[in-house]
Amino acid sequence: MTAVSDTSPLNYLILIGCIDLLPALYERVLVHDEVVAELTHADAPPAVRGWAIAPPPWVRVTPVETGVQQLGSASLHRGERACLALASQTAADVLLLDDYRARQAAKEQGIRVTGTLGVLCVAADMGLVDLRDAVTRLRSTSFHMSAELLRSLESRLRG
């Protein structure tokens, strides 16, 4: 199974110590160089920059082929548009993406999407992570989780 990842899921999984869930869930994780640029930006947390400067071998930096249409509206960030194009180009099984507008654009293109919380839930279902602990750590970061989303997770977090 191949996943294409945007910046946000990688950033937060690194910050909460769960980045190694990705190779347990996906055979290949592809990222665009725009994502690498965002992860290595001076404003990125040091742990994230360090990881992105020397990513593990299961991460493949993959360019979008010349002529591949940049999907999504101009209101999306360049990295999000590049990820949409990369997911389309590679026929990825899933696109890891947290931004609501980018998720909607992906769905409109028929691209299957999940986000940071989706990764954590699947990993928890497989016994790879304690969901309550992971969500507690995630909430200590700048990750935005709507009250509605938190309510939908409550029953799982109690278990």
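Shown above is the structure to which this text applies.
Residues numbered from 1 in each chain as written. Predicted model: local features only at pLDDT ≥ 70, side-chain atom pairs only at ≥ 80, totals over all residues. Heavy atoms only, no water.

**Q** Go over the overall build of the protein with me, naming the residues and quoting the values.
**A** If you tally the helices and strands in the protein, you get 9 helices and 5 strands. Since a compact globule built from 159 residues should have a radius of gyration of about 15 Å, the 15 Å found for the protein is in line with a globular shape. Referenced to the eigenvectors of the C-alpha coordinate spread, the extents of the protein come out at roughly 50 × 35 × 30 Å. A total of 159 residues make up the protein; the buried ones form 47% of that total. Put simply, 63% of the contacts in the protein that link residues at least 6 apart link residues at least 24 apart. With the model as given, the accessible surface of the protein reaches about 8,200 Å², and the carbon-plus-sulfur share is 50%. Measuring between centres, the 15 positive side-chain charges of the protein sit 4 Å from its 18 negative side-chain charges. (Helix = DSSP H or I, 4+ residues; strand = E, 2+ residues; numbered from the N terminus. Rg over C-alpha atoms; globule rule 2.2 N^0.38 Å. Buried < 20%, exposed > 50% of the residue type's maximum accessible area, 1.4 Å probe, protein only. Contact = heavy atoms within 4.5 Å. Areas by Shrake-Rupley, 256 points an atom, 1.4 Å probe, with all protein chains shown as cover. Lys, Arg positive; Asp, Glu negative; His and termini not counted. Charge placed at Lys NZ, Arg CZ, Asp CG, Glu CD.)

**Q** Can you tell me about the packing of aromatic side chains, naming the residues and giving the values?
**A** One pass over the structure, following the stated rule, counts 2 aromatic pairs. Measuring from ring centre to ring centre gives 5.1 Å for Tyr12 and Phe143, while their planes differ by 85°; the resulting arrangement is edge-to-face. Highlighted residues: Tyr12 in helix H1 (residues 7-15) and Phe143 in the loop between helix H8 (131-139) and helix H9 (147-158), separated in sequence by 131 residues. Side by side, Tyr12 and Phe143 carry an identical accessibility label, which is buried. On the numbers, 6.1 Å between centres and 50° between planes, the contact of Trp51 with Trp58 is tilted. (Phe/Tyr/Trp six-rings, centres within 6.5 Å; stacked < 30°, edge-to-face > 60°.)

**Q** Outline the environment of Ser8, listing residues and values.
**A** With respect to the helices, strands and loops of the structure, Ser8 is situated in helix H1. For Ser8 and Pro46, which are 38 residues apart along the polypeptide, the C-alpha to C-alpha distance reads 15 Å. Not counting chain neighbours up to four residues away, the residues in contact with Ser8 comprise Asp98 and Thr116.

**Q** Break down the pairing of strand E2 (residues 28-31) for me, citing the residues and quoting the values.
**A** Examined bridge by bridge, strand E1 (residues 2-5) and E2 share 3 bridges and lie parallel to one another. Within the sheet, the bridge partner assigned to Ala3 lies in E2 and is Val29. (Pairing = 2+ DSSP bridges.)

**Q** Can you lay out the nonpolar core for me, pointing to particular residues and giving the numbers?
**A** Within the largest apolar cluster, 55 residues are counted, with the highest numbers of intra-cluster contacts made by Leu22, Tyr26, Trp51, Leu95 and Leu120. Contact partners of Leu120, with chain neighbours within four places excluded, come to Leu13, Ile16, Cys18, Leu21, Val129, Leu131, Ala134 and Leu138. (Core = buried A, V, L, I, M, F, W, Y, C linked by side-chain atoms within 4.5 Å.)

**Q** Which residues make up unusual backbone geometry, and what are the values?
**A** Backbone geometry places Ala91, a non-glycine residue, at a positive phi of 55°. Along the chain, Ala91 turns up in the loop between helix H5 (78-90) and strand E4 (94-96). Using a relative accessible area of 61% as the deciding quantity, one classes Ala91 as exposed.

**Q** Run through the sheet that holds E4, naming residues and quoting values.
**A** Spatially, the 5 strands line up as an open sheet ordered E3-E2-E1-E4-E5, and their pairing is parallel. With one partner strand each, in any of the chains shown, strand E3 (59-61) and strand E5 (113-114) form the two edges of the open sheet. Each of E1, E2 and E4 is contacted by H5, which is oriented at about 165° to E1, the strand it contacts most. (Axes fitted to C-alpha atoms, helices over the stretch in contact; angles between N-to-C directions.)

These values are about where atoms sit, not about what they do.
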